[in-house]
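Summary of the model geometry
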Amino acid sequence: MSHPHRPGEPTCRQVFELLSEFVDGELAQPEHESLSRHLEACPPCEEFLKTFQVARALCRESLLQKMPDELKDRLRCFLRDQIKKI
Amino acid sequence: MPVTDLDTTLVERVRGGDKSAFEDLMLRYEDKVYRLAIGMMKNREDALDAVQDAFLNVYRKIDTFRGESAFSTWLYKIALNSVYMKLRSRSRHEQTESLDDLEHILDPARVRIQMPIRGWSERADDRLLRKELAQVLREAVAALPEEYRIIFTLREVEELSNQEVADILGLSLAATKTRLHRARLFLRQSLSRYLQGNVA
Ligand SMILES: [Zn+2]
């Protein structure tokens, strides 16, 4: 948190709090731009953003599993059987 | 054909008694519903139970789908319901996480922002390390309180919009975004701790 804070520009804390909206593209344009400026000028925040994105990508990668085939077969058996009764 | 139109066509066919159309719907959604269930229940048999229950309810209730929301939103709601029913039915046997501790960790206002002294974003590209990190993250996701984990899964893994997630969970958009942000910060922090503790 060493970046000198200029009036009207976001602080590191504010950047930290708005990061999700920033990466999701949900900030109004002026806000988005002032965050971008801060990130360009503040290496710790820039690195924080990078690691924030790396964590997201790795999470997605590690959680994006498929249902195992054996369970899919059992799901189908179960439903065919149940639906007959309806 | 756009996703929603295909869903609508399949729903119409199921209503007309076409069972193969229901199997097509299952093919489209079984992995998604399974990921939701396994993320919340943590073991395969319980997850399968919830997925079976979810699809059976979708079949039974298909006439009540009015097309006011996307079919996927409707289906996720049913699936979540099945997951929560199963969770509740066995919750007596399990100690849930201490929510206070996690709320504390997850509250950005209380977090002392620890900026990386030395960057680790490049180190995370290391192929061998990635496997290890995937495990660290799976554990971190599992440590999230349920209401954060579900938002995180729907948003980051299934890539639904914040509005869809809010609709599915019956939450305000603001609450959805806040929890999502906290979950993301928590997961980043878990990764950071691991990597910085791992630096020689
Ligand atoms: Zn900064």
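Given the structure is predicted, the values throughout are model-derived calculations rather than measurements.

Here we look at the packing of helix H2 (residues 19-41) of chain B against helix H4 (residues 71-90) of chain B
Residue and element names in this part refer to chain B. One can describe the packing of H2 onto H4 by two numbers: an axis separation of 10 Å at closest approach and a directional angle of 35°. You can see that H2 and H4 cross each other, and the crossing is right-handed. Of H4, the residues touching H2 (which contributes Leu 25, Tyr 29, Lys 32, Val 33, Leu 36, Ala 37, Met 40 and Met 41) are Phe 71, Ser 72, Leu 75, Tyr 76, Ala 79, Leu 80, Val 83, Tyr 84, Lys 86, Leu 87 and Arg 90. Residue composition of the contact of H2 with H4, grouped by class: 15 nonpolar, 1 polar and 3 charged.

Quick notes on the interface of chain B and chain A
Reports of interface size often rely on the accessible area that becomes lost once the parts have come together. Each side of the interface is counted separately: chain B has 51 residues, and chain A has 44 residues. Applying the counting criterion to the chain B and chain A interface returns 15 salt bridges. With a closest N to O distance of 3.0 Å, Glu 30 of chain B and Arg 76 of chain A form a salt bridge. At the junction of chain B and chain A, the tally comes to 22 residue pairs in polar contact (both at pLDDT 80 or more). For the side of chain B that touches chain A, the element with the highest residue contribution is H2 of chain B, accounting for 10 residues.

Considering H4 of chain B
Over its 20 residues, H4 of chain B extends 29 Å from the first C-alpha to the last, a length consistent with the 28 Å expected when each residue adds 1.5 Å. For H4 of chain B, the tally of buried residues reaches 14 of 20 residues, placing the bulk of the element in the interior.

Here we look at the coordination of the zinc ion
All names here are of chain A. Listed as protein donors to the zinc ion are Cys 12 (SG), His 38 (NE2), Cys 42 (SG) and Cys 45 (SG); their distances from the metal cover 2.1 to 2.4 Å. Here the zinc ion binds 4 donor atoms, and the angle range of 103 to 113° at the metal identifies the geometry as tetrahedral. The class for Cys 42 is buried, based on a relative accessible area of 1%.

As for the packing of aromatic side chains
All names here are of chain B. This model, assessed by the stated rule, comprises 6 aromatic pairs over all chains. Between Phe 22 and Tyr 59 the ring centres are 5.0 Å apart and the planes differ by 70°, which places this aromatic pair in the edge-to-face class. Remark: Tyr 59 occurs in helix H3 (residues 44-61) and Phe 22 occurs in helix H2; sequence separation between them is 37 residues. For the residue pair Phe 22 and Tyr 59, the accessibility class agrees, reading buried in each case.

Considerations on the environment of Glu 70 of chain A
Its location among the elements puts Glu 70 of chain A in helix H4 (residues 69-85). A C-alpha to C-alpha distance of 48 Å links Glu 70 of chain A and Leu 35 of chain A, two positions 35 residues apart in sequence.

Re the confidence of the model for chain B
When pLDDT is averaged along chain B, the result is 85; 82% of the residues meet or exceed 70. For this predicted complex, the interface score ipTM comes out at 0.89, alongside a pTM of 0.86.

Cut-offs used in this document
Residues numbered from 1 in each chain as written. Chains lettered and ligands numbered in written order. Predicted model: local features only at pLDDT ≥ 70, side-chain atom pairs only at ≥ 80, totals over all residues. Heavy atoms only, no water. Axes fitted to C-alpha atoms, helices over the stretch in contact; angles between N-to-C directions. Helix = DSSP H or I, 4+ residues; strand = E, 2+ residues; numbered from the N terminus. Left-handed = near helix turned anticlockwise from the far one by under 90°. Contact = heavy atoms within 4.5 Å. Nonpolar A, V, L, I, M, F, W, Y, C, P; charged D, E, K, R; others polar. Salt bridge = Lys/Arg side-chain N within 4 Å of Asp/Glu carboxyl O. Polar contact = N/O pair within 3.5 Å; in protein donor to acceptor, adjacent residues only side chain to side chain. Expected span 1.5 Å × (residues − 1). Buried < 20%, exposed > 50% of the residue type's maximum accessible area, 1.4 Å probe, protein only. Donors = N, O, S within 2.8 Å, 3.2 Å for Na, K, Ca; no water. Tetrahedral: all angles 85-135°; square planar, octahedral: opposite > 155°, others 65-115°. Phe/Tyr/Trp six-rings, centres within 6.5 Å; stacked < 30°, edge-to-face > 60°. pLDDT = per-residue confidence, 0-100.

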